[in-house]
Structures are given as structure tokens and as C-alpha cells.
Amino acid sequence: MSETKHVELVVIGAGPGGYAAAFRAADLGKRVLLIDKDPTLGGVCLNRGCIPSKALLHISKVIEEAESLSTMGITYGKPEIDLDAVRAHKNKIVSQLSGGISQLAKARHVETLRGGASFKSNSELTVNTETGEISISFDKCIIAAGSTSVMIPGVPKNHPSILTSKTALDLIDIPERLLVIGGGVIGLELGQVYAALGSKVSVVEFLPNLIPGADQDIVKPLQRKLKKQFESILLSSKVTAIEPNEDETLNVTIENNKGTITETYNKVLVAVGRKPNTQILNIKSTTIQLDDRGFIQVDLYQQTSVKNIFAIGDIVGNPMLAHKATHEGKVAAEVASGHSAVFDARAIPSVVFTDPEVAWAGLTETEAKENGISYEKGEFPWAASGKAIAMGANQGKTKILFDPKTKQTLGVGIVGPGAGDLISEGMLAIEMGADAEDIGLTIHPHPTLGESFAAAAEAFSGTITDLYIPK
Ligand code: NAI
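Residues numbered from 1 in each chain as written. Predicted model: local features only at pLDDT ≥ 70, side-chain atom pairs only at ≥ 80, totals over all residues. Heavy atoms only, no water.

In terms of domain boundaries, the protein breaks down into domain 1 (2–149 + 275–336), domain 2 (162–272) and domain 3 (350–461). Taking only C-alpha atoms into account, the centre of domain 2 sits 30 Å from that of domain 3. The interface of domain 2 with domain 3 comprises 14 residues on the first partner and 19 residues on the second. Roughly 1400 Å² of surface becomes buried between domain 2 and domain 3 when both sides are summed, with 59% attributable to carbon and sulfur atoms. Considering only the side of domain 2, the residues that lose the most area to domain 3 are Glu-189, Asp-215 and Ile-218, jointly responsible for 39% of the buried surface there. Put simply, domain 2 and domain 3 have 4 salt bridges between them. Taking the shortest distance from any N to any O, the salt bridge between Lys-397 and Asp-217 comes out at 2.8 Å. Counting across the domain 2 and domain 3 interface gives 9 residue pairs in polar contact (both at pLDDT 80 or more). Contributing elements (two or more residues each) for the side of domain 2 that touches domain 3: α6 (185–197) and α7 (216–229). (Domains from an automatic or database assignment. Contact = heavy atoms within 4.5 Å. Buried area = accessible area lost by both parts, 1.4 Å probe. Salt bridge = Lys/Arg side-chain N within 4 Å of Asp/Glu carboxyl O. Polar contact = N/O pair within 3.5 Å; in protein donor to acceptor, adjacent residues only side chain to side chain. Helix = DSSP H or I, 4+ residues; strand = E, 2+ residues; numbered from the N terminus.)

Looking now at the packing of aromatic side chains. Following the criterion strictly, the structure yields 3 aromatic pairs and no others. Ring geometry for Tyr-19 and Phe-23: centres 5.5 Å apart, planes at 45°, overall tilted. With a gap of 4 residues between them, Tyr-19 and Phe-23 both fall in helix α1 (residues 16–27), about one helical turn apart. Classification of Tyr-19 by relative accessible area gives partly exposed; the value is 23%. A residue is classified by how much of its surface remains accessible, and Phe-23, at 6% relative accessible area, is buried. (Phe/Tyr/Trp six-rings, centres within 6.5 Å; stacked < 30°, edge-to-face > 60°. Buried < 20%, exposed > 50% of the residue type's maximum accessible area, 1.4 Å probe, protein only.)

Surrounding the ligand, one finds 20 residues, the nearest of these being Ile-186, Glu-189, Glu-205, Gly-273 and Val-351. In the environment of the ligand, an oxygen atom lies 2.6 Å from a nitrogen or oxygen atom belonging to the side chain of Glu-205. Take Val-351: an N or O atom from its main chain is 2.8 Å from a nitrogen atom of the ligand. Coverage of the ligand by the protein chains reaches 77% of its 840 Å² of free accessible surface. Here the shell around the ligand gets 3 residues from one element, more than from any other, and that element is α6. Each residue belonging to the shell around the ligand can be placed in one class, and the counts come to 14 nonpolar, 3 polar and 3 charged. (Near = heavy atom within 4 Å. Areas by Shrake-Rupley, 256 points an atom, 1.4 Å probe, with all protein chains shown as cover. Nonpolar A, V, L, I, M, F, W, Y, C, P; charged D, E, K, R; others polar.)

Taken together, the 5 strands give an open sheet; going across it, the order is β8-β15-β9-β10-β11, and neighbouring strands pair in parallel fashion. The two strands at the open ends of the sheet, each matched to only one other strand, are β8 (162–163) and β11 (232–234). Across the sheet, α6 lies against β8, β9 (177–181), β10 (200–204) and β15 (267–270), angled at about 165° from β10, the strand it touches most. (Pairing = 2+ DSSP bridges. Axes fitted to C-alpha atoms, helices over the stretch in contact; angles between N-to-C directions.)

Put into C-alpha cells, the structure is as follows:
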């Protein structure tokens, strides 16, 4: 007979959204059960996404930087790569952080359960654990079950040379030739890691641009760098066939307006987006509404069409970003605990942790033009920044979009080393409704990359002295 229990609040999924929701609700006095099918807490982001990729991107950035010192009079030899040690280093970071989350759960008396949860009704779940099935009835539930990589049709299933972001991060070997399908966030971040470790990397992107969601002026400096690092970048191109060879290499046929080519690669990484994990939850046994793309529909309180069930993170829609999930998780936990809270963030920042980093938040110029939104902008090219020049980062740029009437910040785009950290100041400006004068008159330390933010605002206001802008 299966075990049965009742809980006040159950959270399905222990990623950055789920564990934040569980911890916040526990801090507000709820008895919380946190369920995850993985053996460790932290979800995709911590176990096989954001964190391990950042550990590897740090290594690839240092390799690149050491190489670039040759133009500054310092020459290192070719790096010796001990792949087992690199993997062990990455795994140690992951287990250190997931161990930390377990400790935080224990400290808050959040009960954790390993198993796959699926709904039986609007107030009951079944959890398949290693030791059998558990039936759980709940007062409230927060679904934070995340997303999974999408595969493209025609790709051989379970072939050892076809990688997803998860298996690419396992770093089994360094393929001589790697094809990345999808020139988005994952494709470019992992492509750069493998290129630095010695692979000849090619990218095939279906659309005419890399990172299609970002303004192309802030993608260009990255694209210029990738042109040097990668074997080829094929835009407006699609993969029409992948044929495995006996030696586990793959013959890949790529089509674009120049014609059709077939090339042989040792591995292919498929990074063409992610889909919500609704299929594993047996949603049809509830009255939860999905939208036409399979995401769970929620209101501003993160509440689904079932009053006692909330949903957050990747499973409720784009952008599929950890920090969005965390924010939504806290809103759901607060509302589920009887507090007044609402998702009313003005913007969600996006960061591509390549070298150089690309970051943007709020309105982009592309969106503004598509939707007829009027804006004015201030730009500061890092070629005029002493700090950037000293770092060899003069390709960078900071731009701020302002409301032409109120002069308040509508959007920010940054490219260059540390752009992912610098965008936080842009976020604060957007959230606080800072105008160009607020930003330009805020004393920024010199020499830093951060002062490029004030300089962009001053360029807009016409008060900048580090550039000459003819009237
Ligand atoms: P993505 O949406 O960023 O990029 C996928 C790319 O593949 C797009 O440029 C798309 O046009 C292209 N594409 C789609 N179908 C294709 C096809 N058949 N052939 C060639 N190209 C094709 O998705 P990605 O990189 O898989 O990342 C998934 C999610 O994970 C994203 O929502 C992203 O926000 C998130 N993520 C965020 C990270 C970060 O914040 N730094 C890091 C990694 C992932």
C-alpha cells in the first residue's frame, strides 16, 4: 500500500525558483515540502546550467585573456588541459552550492523529498520515489518544474555524439570539430568554452542574426570576436539532415541561400531553445489552464486557474531565466502565505556570459521600432574609456534608451567584459524611474567600466566631456 500524507504547502521543483519559494514560505511560517526528481537540490541552473557553465566560461575567459596578453608584451605557452581535473573542479563548485542549499533547507525545517511528482487532482499528488509511491494531499502547491532542451526533428535520438546543454557540460571529451545548432545563449556560451579548450567550432543559426532577442549593435563586438574564434558562423541557415557514421562522427547537411553543404563533425550540440516540463506533471487531472504553447497560465499573483495552485519560472513562459523564476517564486510564496504581493517588475535583465558579455534590460531599440515606441538614446563607446582601453576592452559599449518626454530610463544595452554585472545599475535606473540627469549627476568612480553608464547618460544630456559630440 502506498504511503499517504498531507502538507500545508508543497513545492514541485527545487531550482532557483522552487527553492526560493519554499524558503520564503517557510520564513513566513508555512510547513513546506520541497520535491525534486534530482538527487541534489538546485535544479537545472545549479546542477547542469548556469553554474557549471560559468565555471567553464571562467576557464575559457582566462585562457583567452592569457593569449591576448601577447599584444601587451607577455607571451604564455599553449595551455595544457587536464580534462578530468577541469571536470572535477566544475563538479566541486556544483556540489558545494547544492550542499549549501540543503543546509539552508534544513535550517528552515523545509522537508525535502526526492521523486517525480504528478497530479491526481486539484489537491492531490503522487510522488514516485526510490522506495515506492507516496500520495500527498496539499492545501497549496507551487509548481516550479522548469523546462527541458528542445530537439529538432530528424536528429538521431540518444546518439553519443549529439549533445544537449546538459551532456555538453559533462565535458566527456574535446571534439576536434563541433557543430552548434542555434546561435542563442547556450550555443554561443558553450561554443566559446569548447573553442577555448581546442575544438574547431561552427554555428548554424536559423535566423539572420546571432542572439536574435538583443539589439544587433551590442551583439556585433561579440560576433567579431567569434568570427576569429570559430571555424564558421552560418546565419539564415538550417540543418536538413544528420547521418551518423560508424566511427560516431556525424555527416551534417546544411542549407542556406548559397546552396547545400555536407560536413563531417565529431559532435553536434543542439541548442535551439527549451520547452516547459508540463508533460511530466499529469496536468490533465487538474483544471489548470495551459496556453497554446504549453506554458501554465498565471496571473500577476502567480496563481493558476486553480486558486490553491501557483506556478513560476520556465514553466509559465519566457524569458526562461533563473532570476525571473526566483522573483516569481517569492511572489507566489508570499501570496500563498496570505501576504499581498504581485509580479510588477518593470524589466527582467538578460545576460549572455560570453567574452565579451552581452547584457540588456527593458526596452530594446528593435522592440521600440517594431512597436512604434518613441525613444531617444545616449551611447558611450568604451574606446573612450581609460579603464576599457587598459583592459583591451575598447570594443565595448553602453547605451541607454530614454523616454523623450520624461527623460526616464526605458532600456539599457551593454557589451563588454562585466556587462552582466554592469546591467544591474541599468535595472536599478529602470525600476527607480531614474532620468538622464539622475544618472549623469551620480558620481561614478574613475577609472571603472561602471562610469560608462553615467557617461552614456551625459552623452544624452550633452554634458559629457570625455567625448566631443557636435551640436
Ligand atoms: P535561445 O532561444 O537563446 O536560442 C536558440 C537559437 O536557436 C535562436 O537563435 C533560434 O533562432 C535558433 N534556432 C531555433 N531553431 C533552429 C534550427 N532548427 N536551426 C538553427 N537554429 C535554430 O535558446 P537556448 O540557447 O537553447 O537557451 C534556452 C533558454 O535557456 C533560453 O530561454 C535562455 O534564456 C536560457 N539560458 C539563459 C542563459 C543565461 O541567462 N546566460 C544561459 C543558458 C540558457
